[in-house]
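Structural overview for review
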Amino acid sequence: MPEGVKTVISRLKSNGFSAYAVGGAVRDFVMGITPHDWDIATNAKPNETEAVFSDLPVIKTGEKHGTVTVICVEPCEVTTFRTEGEYLDKRRPSKVEFVADLEGDLSRRDFTINALAYDEKEGIIDLYGGLDDIKRKIIRTVGDPCKRFGEDALRILRAVRFSSKTGFTIEKNTYAAAVTLRKNLGSVSKERIFAELEKTLLGENVTNTLLNCKEIITEVIPELKKCVGFNQNNPWHRYDVYEHIARAVGYVQGGSALKFATLLHDVGKPCVYTEKDGVGHFYGHAKVSAEIAEKVFARLKFPKKLSEKALFLIENHDKPLSDDKRKIKRTLYKIGEDSFADLLKIKYADNAAQGTDKAKEERKNIEATERAFHGVVNSGECYDLKSLKIKGGDLTALGYEGENVKKELERLLFLCIDRPELNDRQKLIDIAKSRL
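Numbering of residues starts from 1 in every chain and runs along the sequence as written. Reporting in this predicted model follows two pLDDT cut-offs: at least 70 for local features of residues, and 80 or more for side-chain atom pairs to be given and counted; totals over whole chains, interfaces and linings ignore these cut-offs and use all residues. No hydrogens and no water enter the side-chain calculation; it runs on all heavy atoms of the structure.

1. So, helix α21 (residues 425-435)
- Using a 1.4 Å probe on the protein chains alone, a residue whose accessible area is under 20% of its type maximum counts as buried, one over 50% counts as exposed, and one in between counts as partly exposed. Secondary structure elements are taken from DSSP: a helix is a run of H or I of four residues or more, a strand is a run of E of two residues or more, and numbering for both begins at the N terminus. Every buried residue belonging to α21 is among L428, I429 and A432, and all of these are buried. Take α21 and look down its axis: the buried residues cluster within an arc of 105 degrees, on one side only.
- Any two residues having at least one pair of non-hydrogen atoms within 4.5 Å are treated as being in contact. Residues of α21 that are buried make contact with α19 (392-398) and α20 (403-418).
- Pairing of N or O atoms within 3.5 Å defines a polar contact, subject to two protein rules: one partner must be a possible hydrogen donor and the other a possible acceptor, and residues neighboring in sequence count only if both atoms are side-chain atoms. Structurally, the start of α21 carries an N-cap: the backbone nitrogen of Q426 is 3.2 Å from a side-chain oxygen of D424. To be clear, the arc concerns the directions from the helix axis to the C-beta atoms.

The structure is reproduced here in C-alpha cells:
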C-alpha cells in the first residue's frame, strides 16, 4: 500500500479503532493491477476520524454517509462501517446506520469481488467468496441478486462495466436478475448511465460484453434493438448488424468519441434497408444513423464536444477517402488532421468487423489512403492557411477588403495544393495582384 494509506490505517489503529483497506483497491491488487484509489473502512465515526487527523487536511466529502477524505500524501476516503436502509427510489438508501464490525459493512456491497478487505496482519479478508470468483473470473452479487439490483438499479450497469473491464463473465443467476430488473434503469439519472456506458465501451473486453449483455445495452439504448439479429444479406458482411457493431467497437482504437461513434455508426441500417436480387443495401444509412445518434446523445446528456465529434464521425464514416494526395490535402483543409486520422480508425474497425474476404480486399484501399495521408502530413507541403506563405495582411495591403480576403486566401491555397511550387510569398503576391 502507498505510505499515506498505511499511515492513515496505522494511526486509526493506534487510537483504538479498527481500520481496513476495502473494495476496488483490494480487488485490483489481487488481480495484479496497481490500485489508484484507496478506500478505508473503520469503526471510527466521522467526527472521531477528524479528531485523529486534526493535524491534516480533512474534507467532509460525505459525512452524513460516514465518509471523510483525509489528505495524507494522497487523498484517502475513510468511511465508517455501515449498513443501509431500504432503497425507496431504487438508487439511494433511505438511511445509513453505522455498525461496529467489518462483516456488516461488507454485507452491503454490490459484488463479491468488491467485498474484500485487507489488513497487514490478517491479510485479505474474504467473507463472500470474492477470491474464488476472481479465480473463476465471474461477477456475482453479494447475496440475492434480485435484492442487490432492486436496491440500486445502477448496479446492473456496473456489472456490465466490470465485465468489460475485467473480461469476467456475469454469473448466470446474477445476469438473469439483471435482465428481469432492467426496467428499473429508468430510475437512474442519465448522467450516471452515460458514465457507466462510457467506461463499458473503453473496456478491453467490450465486444464480448456487448454481445453477452445485449438485453441490458438495448435497454438503455433501445434504438439498437432493431439491429439485433438484423441480417445484412450482403457479401461484404458476415454478421448481423448488432454483432458487426459490437465487433467494430472492440476493434476501434481511440477514446470515448470514437467508441460511441462506432457503437452507433450503423444504428440506422434497419431503417433504410432495401434489397435487390437478394442482396441487401443500406443507402444513406450514415446520415440516418447520425440523426438517431443525435437523439440518443441528447437523451443521455452527452457533453457537447463529445457529441459533436461523435456525430461528425458517424455521418462521415461511410464516405470514401481517396489516396490521391491532392484530394487528401483538400479534405485536410476542410476537416483537419485529427478528424482525418479518426475517420481512418473507424474505417479500419468497420472493415475488420465485416469478416469477409471482400472486406480484406477493401482494406488495401484504406491502407493506401493511410500511407498517402502520412506522406502528405510529413511532406511539409501546404494544405492549410497556416502553411500558406501569404497572409491576410498582405492581401489587405494590396487592396482586398472584407470577405474577399478569405476567399482569395482559399483560392491561393487550392492553387498551392495542386502546384506546391507556387507556395512562395512573392509568387502568391503577384498572382493576387493580377486578380485584383
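2. Considerations on helix α7 (residues 154-166)
- Here, expected helix span is obtained from the residue count minus one, scaled by 1.5 Å. Taking 1.5 Å per residue as the helical rise, α7 with its 13 residues ought to reach 18 Å, and the 18 Å between its terminal C-alpha atoms agrees with that figure.
- Buried residues dominate α7, accounting for eleven of its 13 residues.
- Buried within α7 we find L154, R155, I156, L157, A159, V160, R161, F162, S163, S164 and T166.
- Positive backbone phi, approximately 85 degrees, marks G167, located one or two places after α7.

3. Some thoughts on the pairing of strand β2 (residues 39-42)
- Relative to β2, strand β1 (residues 19-22) is paired through four bridges, and the arrangement is antiparallel. Considered in β2, the bridge of V22 is made with D39.
- With four bridges connecting them, β2 and strand β5 (residues 74-80) associate as parallel partners. Within β5, the residue paired with I40 across the bridge is V78. A pair of strands counts as paired when DSSP detects no fewer than two bridges linking them.

4. Some thoughts on the sheet that holds strand β4 (residues 67-72)
- What the seven strands build is an open sheet, ordered β3-β4-β5-β2-β1-β8-β9; its pairing is mixed. Two strands lie at the open edges of the sheet, namely β3 (58-62) and β9 (123-126), each paired on one side alone. Neighbour-to-neighbour, the strand axes of the sheet open up by a mean angle of 35 degrees, direction not taken into account.
- Across six bridges, the pairing between β4 and β5 is antiparallel. The residue bridging V68 from the neighbouring strand is V78, located in β5.
- Seen against the sheet, helix α1 (residues 3-14) touches β1, β2, β4, β5 and β8 (116-119) and runs at an angle of roughly 35 degrees to β5. Here an axis means a line fitted to C-alpha atoms, over the contact stretch when the element is a helix, while the angle between two N-to-C directions is reported on a 0 to 180 degree scale.

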